[in-house]
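Structural features, examined
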Amino acid sequence: MKEKFLEIVNESGNLNSKLFSLSRIKILWALSELGEDGATARQIKNGLNIGSDGSTYSNLNALVEMGYLRMEKVRFESKENLELYVITPAGLEEWNKIKNWFDMLVCEGQ
């Protein structure tokens with residue numbers, strides 16, 4: 001059991017510590033499921049119950065700056081342009097690392 005715990009701790013060194021907020025992890029998870037369809041900030045905020053608009057945009061902008069999301073302007077139902085967020089290949093790769101690390105944690109408790 002100690003060896004498995006050490007493996008989990010060592011594996012955590014391969015993860016981006018800037019991602020370890022519940023909101024950012026939830027955003028990566030949701031956008032990994034949506035693929036190229038992506039989602040608007042409003043959809044992300046309401047669907048994931050993240051909190052305020054400011055918190056949502058702050059987390060989305062951080063993920064864009066890290067290269068894990070891309071933002072593109074799209075016209076929706078003849079309204080003004082909306083910001084659509086889509087996970088990038090780098091974001092998907094990082095999400096898979098986090099998911100695998102979570103799997104290690106869950107399996108360790110069984």
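Residues numbered from 1 in each chain as written. Predicted model: local features only at pLDDT ≥ 70, side-chain atom pairs only at ≥ 80, totals over all residues. Heavy atoms only, no water.

Going by what an unreviewed UniProt entry lists, the protein is known as Transcriptional regulator and is assigned to Methanomicrobium antiquum.

Moving on to the pattern of salt bridges. Under the definition given, this model contains five salt bridges. Across the pair glutamate 83 and lysine 73 runs a salt bridge, and its minimum N-O distance is 3.3 Å. Of the two residues, glutamate 83 is situated in strand E3 (residues 81-87) and lysine 73 in strand E2 (residues 69-75); the sequence distance between them amounts to ten residues. The closest approach of N and O atoms between lysine 97 and glutamate 94, which form a salt bridge, is 3.8 Å. (Salt bridge = Lys/Arg side-chain N within 4 Å of Asp/Glu carboxyl O. Helix = DSSP H or I, 4+ residues; strand = E, 2+ residues; numbered from the N terminus.)

At asparagine 49, a position not held by glycine, the phi torsion is positive, near 55 degrees. One can find asparagine 49 in the loop between helix H3 (41-48) and helix H4 (53-65).

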